[in-house]
Amino acid sequence: MSQSRLVNMIEMLKKAHDNHYAVAQININNLEWIKAVLAAVQETNTPIILGVSEGAAKYMCGFKNVTDMVNNVLDTMNITQPVALHLDHGTFEGAKAALAAGFSSIMYDGSHLSFEENLKQTQEIIDLAKKQNVSVEVEVGAIGGEEDGKKSGGELADVEQCRIMSGLSISCLAAGIGNIHGIYPSDWTGLNFTRLQEIHNATNNIPLVLHGGTGIPDVMVQKAISMGVSKVNVNTECQLVFAEATRKYIEANKDQDTKVKGFDPRKLLKPGVEAIKNKCIEKFKIFGSLGKA
């Protein structure tokens, strides 16, 4: 395999922050996801962050296999746009394992620890990442919702903690501003823009990250981007459109067409892959990153 085409997030997020748009982090779950997202990137000349949770990495047979798959697809599709391979909500040990496997970006999530311990472990991860020119995202104040079996309420990050964390050599900061992961409940009260402004003012213009991009009204996302958010994470929405397109294919009995082998997984999964690609392009437009590679 040729040299990795992966890049870290630093330059793409700086460019996004300076020009008031946000780069999408689209979480990947298998080969189809990788191909769909990169097809959207190639078609629109847009930078991208491929997010991988520890659960998704385990499903895809480990961090090394994920790195190899992504690098091979980048080569095969001849992707020339900036692509970061990013660990999403990594544990301390998970972050070290992803670094060893060649990820170009790491999110260390120590938000469940005391702030002092979070700060200490974050510094250790930063020291390791610097040796490999890997970008580091960190979190202050748990993001609400559910990821890999963990639940927490929609929280607001402490501004002073954000200020202290931003003093480390981090690439971007995820801070709770009322956002949650997954599908938003009907009684969700929305993003807290007052807290977002306080955090942005306190963190010396470090690019901020909006987790839980699925379900936040577009106008709210765009307002958050105008206030310093330079990275928006999307996962659930791609899963939903993939499932919907696959369901329609099966309900139309196309998988029963033996003449064209409609049951072939390459055909069975094709509508879902197309749906992911189209959803990505839709998000690039909303986030303002379309064509910004």
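Each value, and the rule that gives it
Residues numbered from 1 in each chain as written. Predicted model: local features only at pLDDT ≥ 70, side-chain atom pairs only at ≥ 80, totals over all residues. Heavy atoms only, no water. Helix = DSSP H or I, 4+ residues; strand = E, 2+ residues; numbered from the N terminus. Buried < 20%, exposed > 50% of the residue type's maximum accessible area, 1.4 Å probe, protein only. Contact = heavy atoms within 4.5 Å. Expected span 1.5 Å × (residues − 1). Core = buried A, V, L, I, M, F, W, Y, C linked by side-chain atoms within 4.5 Å.

Asks: What's the story with the environment of V234 in this structure? I'm lost.
Replies: Its location among the elements puts V234 in strand β10 (residues 229-234). Given a relative accessible area of 1%, V234 falls into the buried group. Considering only alpha carbons, one finds V234 and M9, 225 residues apart in sequence, at a separation of 16 Å. Setting aside residues no more than four positions away along its own chain, V234 makes contact with Q25, I26, N27, T214, K283 and F287.

Asks: Is there a simple way to think about helix α12 (residues 270-287) in this case?
Replies: One turn of an α-helix holds 3.6 residues; hence residues three or four places apart share an orientation. Along its 18 residues, α12 runs 26 Å from first to last C-alpha, staying within 8% of the 26 Å computed at 1.5 Å per residue. Buried within α12 we find G272, A275, I276, K277, K279, C280, I281, K283, F284, I286 and F287. Elements in contact with the buried residues of α12: β1 (23-27), α2 (31-44), β2 (48-53), α9 (218-226), β10 and α10 (236-251). One or two residues past the end of α12 sits G288, with phi positive at roughly 80 degrees.

Asks: Whenever I open this one, the nonpolar core confuses me. Can you help?
Replies: Within soluble globular proteins, side chains that are nonpolar tend to cluster in buried spots. Core analysis: the biggest nonpolar cluster contains 78 residues, and I28, I48 and L173 have the highest contact counts within it. Of all the elements, α2 adds the most residues to this core, at seven residues. Setting aside its immediate chain neighbours within four residues, I28 contacts W33, I34, V37, L50, G51, V52, A56, M60, V66, V70 and L85.

That's the geometry; what it means functionally is another story.
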